[in-house]
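Here's the letter readout for the chains.
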Amino acid sequence: MKRTNTFEVVPLSDADEVLLRRLLDASAALWNEINYERREHYADSDADVWDISEYRGRYGGTLGASTVQQIERKNREAWRSFFALQKKGEANGKPGYWGNAEDGRELRTYIRNTSYSVEWGEYSRLEILVGQDLKEEYGLGYRERLRLEVRGEPNWKEYDKQGRLELFWDETAQTFRAFQPVTVDNSRLAHPLADETAALDIGSNNLVACTTTTGTQLLYEGCDLFERFRETTREIARLQSLLDDGRYSSHRIRSLYRRRTRRRDHAQDALARDLIERLHDEGVSTVYVGALTDVLDTHWSVEANAKTHNFWAFRQFIDRLAGTAEEYGILVEVRSEAWTSQECPNCGSTDRTTRHRDTLTCPCGFEGHADLTASETFLRRHQNSERSDWRTRHAVSRQRQTDVARPMARPVRLKWNDHDWSESPRSCSNEERTNPQVASVGR
């Protein structure tokens, strides 16, 4: 099983930081040269995209021959991906550049698995290979590597094999970071504590609403995250409008794109882990996730489409969720959730209910949180989906209510604070009111 350790990297001195920045900048320059040559060959019908110059002689003294090889290989992978998407009709542009000398390059490199080592402990450290010219300039011995401090606890300290290291400057956090792919033996995985089930309603305002068969309900709020995403998008559009004719981007625009993506990915990674850890503690072994195509077919709008595809990146999140769930032996299944957001859990009506923001009401007297109610309905509908079709499940949904414990009156509400998801002191009521007289008084 392949997983990734993510950690912060800190140079031990000012000289080490300058050395590291030069290494990353040279890597970006190399990428740009390789990419330029391939783009030129792509435009020439008589040239071969894969036939490029030898760069080890020019960059080996700075980067080391193995790093030159890894960057060329990474660029080759990017072009193969481009051609694969082009064949499907999904390509949206050739592989791009890592900035430029005028506006500033994107500081990034890739280091072969045999050219670095990581030691975990009280004083964790990373050692990476650099070219001989840089070694001599900065006083490193012939066999010595650049030593860097590692901060943060990895998810996988013990692994069978390490992959190619990605090392880059994180402009958002103003720090160096590393991604270390590792191969982990399946015997190290956790196992579900019981055989409970959970269902997730993926939304735009509330990112995830979750109901489990134990009665637990979780709500991950997303309004603040999306608003920051939208603010950055507006700033990108403003800067693009100021560009000279013939220019399509700038260092600042690329920086904002990267910051927007990394901020979203960080929140998604943390959400997936926080959610799966909570579900593991509940004894959940299977998680149903609603397919967003059902939601878009029913409630399409420009804003909902932007939230779903640009900000939310649904398929990317599901992959993250499934990968994290695998560590705990939890199965993730994507299922249809058609009409769950309109269905009244009290009477089963879908055409008489009214949704206003986060509230779902029905003339029968029901009133509850719309997303949490949808996740509960979704859970009931799919518990026995392998044994019956949708209509049968819909018809007997009321008689199977005993399979799901009554949801908690005060579900756990979680908010993002740029570092982790923490429980909000503000609770949200999900109590059902089935007495029409009580409901009318409430309104």
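Residues numbered from 1 in each chain as written. Predicted model: local features only at pLDDT ≥ 70, side-chain atom pairs only at ≥ 80, totals over all residues. Heavy atoms only, no water.

Trainee: I'm lost on the overall build of the chain in this one. Help?
Mentor: Looking only at helices and strands, one finds twelve helices and 20 strands in the chain. Looking at the chain as a whole, 48% of its 443 residues qualify as buried. As displayed, the chain offers around 22300 Å² of accessible surface, 45% of which is attributable to carbon and sulfur atoms. (Helix = DSSP H or I, 4+ residues; strand = E, 2+ residues; numbered from the N terminus. Buried < 20%, exposed > 50% of the residue type's maximum accessible area, 1.4 Å probe, protein only. Areas by Shrake-Rupley, 256 points an atom, 1.4 Å probe, with all protein chains shown as cover.)

Trainee: For this particular structure, what's the right way to read helix H5 (residues 223–241)?
Mentor: Working note: α-helix, 3.6 residues per turn, so residues spaced by three or four point in the same direction. Its 19 residues place the ends of H5 27 Å apart at the C-alpha level, agreeing with the 27 Å of an ideal helix rising 1.5 Å per residue. Looking only at H5, the buried set comprises Leu225, Phe226, Phe229, Thr232, Ile236 and Leu239. Buried positions in H5, seen along its axis, are confined to an arc of 145° and lie on one side of it. Along H5, the residues that are exposed and aim more than 90 degrees away from the buried face are Asp224 and Ser241. (Expected span 1.5 Å × (residues − 1). Arc of directions from axis to C-beta.)

Trainee: What exactly am I supposed to notice about the pattern of salt bridges here?
Mentor: When their charged atoms lie close together, side chains carrying opposite charge are able to pair. In the structure shown here, the tally under the stated rule is 36 salt bridges. Among the ionic pairs, arginine 58 bridges to glutamate 33, the shortest N-O distance being 2.7 Å. Taken together, the positions of arginine 58 in helix H2 (residues 56–63) and glutamate 33 in helix H1 (residues 14–43) put the pair 25 residues apart, joining distant regions of the chain. Via salt bridges that share partners, Glu106, Arg108, Glu166, Arg258 and Arg262 belong to a single interconnected network. (Salt bridge = Lys/Arg side-chain N within 4 Å of Asp/Glu carboxyl O.)

Trainee: Looking at this structure, how should I read the pairing of strand S11 (residues 196–202)?
Mentor: The side chains of a regular strand alternate, residue by residue, between the two faces of the sheet. With respect to burial, S11 is a largely interior element, six of its seven residues being buried. In this structure, S11 lies alongside strand S12 (residues 206–212), joined through five bridges in antiparallel fashion. Residue pairing in the sheet places aspartate 201 in a bridge with alanine 209 of S12. (Pairing = 2+ DSSP bridges.)

Trainee: Looking at this structure, how should I read the state of the cysteines?
Mentor: What we call a disulfide is simply a covalent bond connecting the sulfur atoms of a pair of cysteines. Inspection of every chain in the model, using the stated rule, returns zero disulfides. Left without a disulfide partner, cysteine 344 is nearest to the cysteine sulfur of cysteine 364, which lies 3.6 Å away. Accessibility expressed as a relative area gives 0% for cysteine 344, which makes it buried. (Disulfide = S-S within 2.5 Å.)

Trainee: I keep staring at the nonpolar core and nothing clicks. Help me out?
Mentor: Nonpolar side chains in soluble globular proteins tend to be buried together. Counting 38 residues, the largest nonpolar core has Phe7, Leu20, Leu126 and Ile128 as its most contacted members. By residue number, the principal contributor to this core is H1, which donates ten residues. In this structure leucine 20 touches Pro11, Ile128, Leu146, Leu148, Leu167 and Phe176, once residues within four positions along its chain are discounted. Counting 31 residues, the second largest nonpolar core, distinct from the first, contains Leu218, Ala267, Leu271 and Val289. (Core = buried A, V, L, I, M, F, W, Y, C linked by side-chain atoms within 4.5 Å. Contact = heavy atoms within 4.5 Å.)

Trainee: Help me understand the sheet that holds strand S13 (residues 217–221) in this model?
Mentor: Pairing between the strands of a sheet is mediated by backbone hydrogen bonds and can be parallel or antiparallel. Spatial strand order, S15-S14-S11-S12-S13-S19-S20: seven strands in an open sheet with mixed pairing. Two strands lie at the open edges of the sheet, namely strand S15 (331–335) and strand S20 (421–423), each paired on one side alone. Taking the axes of each pair of neighbouring strands and ignoring which way they run, one obtains an average angle of 25° across the sheet. When S11 meets strand S14 (residues 284–290), the two strands line up parallel, connected through five bridges. Within the sheet, the bridge partner assigned to alanine 198 lies in S14 and is valine 287. Contacting S11, S12, S13, S14 and S15, helix H10 (residues 370–382) runs over the sheet at an angle of about 45° to S12. (Axes fitted to C-alpha atoms, helices over the stretch in contact; angles between N-to-C directions.)

Trainee: Which parts of the structure should I look at to understand the packing of aromatic side chains?
Mentor: The geometry of an aromatic ring pair is captured by the separation of the ring centres together with the interplanar angle, meaning the angle of the planes. What the rule picks out here adds up to 14 aromatic pairs. With centroids separated by 5.6 Å and ring planes inclined at 80°, the aromatic side chains of tryptophan 79 and phenylalanine 82 adopt a geometry described as edge-to-face. You can see tryptophan 79 and its partner phenylalanine 82 sitting in helix H3 (residues 65–88), three residues apart, about one turn around the helix. In this pair, the class of tryptophan 79 matches that of phenylalanine 82, namely buried. Judged by centre distance (6.0 Å) and plane angle (45°), the ring pair of tryptophan 79 and phenylalanine 83 falls under tilted. (Phe/Tyr/Trp six-rings, centres within 6.5 Å; stacked < 30°, edge-to-face > 60°.)

Trainee: Would you explain the side chain of aspartate 16 in this entry?
Mentor: As for its position among the elements, aspartate 16 is in helix H1. Of the buried charged residues, aspartate 16 lacks a salt bridge, with arginine 147 as the closest side chain of opposite charge at 8.5 Å. Ignoring anything within four residues of it in the chain, the contact list for aspartate 16 reads Pro11, Leu146 and Arg147. (Lys, Arg positive; Asp, Glu negative; His and termini not counted.)

Trainee: Explanation requested: the packing of H1 against H3 in the structure shown.
Mentor: Packed helices, taken two at a time, are described by the angle their axes make and the gap between the axes. The N-to-C vectors of H1 and H3 enclose an angle of 40°; their axes lie 10 Å apart at closest approach. Taken together, H1 and H3 sit at an angle that is classed as oblique. Along this stretch, H1 crosses H3, giving a crossing that reads as right-handed. Mapping the contact onto sequence places Ser27, Leu30, Trp31, Ile34, Asn35, Arg38, Arg39 and Tyr42 in H1 and Thr67, Val68, Ile71, Glu72, Lys74, Asn75, Arg76, Ala78, Trp79, Phe82, Phe83 and Gln86 in H3. A per-class count over the contact of H1 with H3 returns ten nonpolar, five polar and five charged. (Parallel < 35°, antiparallel > 145°, perpendicular 65-115°, else oblique. Left-handed = near helix turned anticlockwise from the far one by under 90°. Nonpolar A, V, L, I, M, F, W, Y, C, P; charged D, E, K, R; others polar.)

Trainee: Help me understand the sheet that holds strand S16 (residues 354–356) in this model?
Mentor: Taken in spatial order, the three strands of this open sheet run S16-S17-S18, and their pairing is antiparallel. The open sheet is flanked by S16 and strand S18 (367–369), the only strands paired with a single partner. Taken over all neighbouring pairs, the strand axes of this sheet differ in orientation by 25° on average, direction set aside. Against the sheet, H10 touches S16, strand S17 (359–361) and S18, its axis set at about 90° to S18.

Trainee: Can you walk me through the pairing of strand S10 (residues 175–183) in this structure?
Mentor: Sheet analysis places strand S1 (residues 2–11) next to S10, joined by eight bridges and oriented antiparallel. Following the sheet pairing, valine 9 is matched in S10 by phenylalanine 176. Where strand S8 (residues 161–162) lies against S10, two bridges are found, and the strand directions are antiparallel. Note on S10: the bridge partner recorded for lysine 161 is threonine 183. Across five bridges, strand S9 (residues 165–170) lies against S10 in antiparallel orientation. Pairing of leucine 167 across the sheet is with alanine 178, part of S10. Counting the residues that bridge the hairpin from S9 to S10 gives four residues, and of these glutamine 174 lies at a positive phi of roughly 55°.

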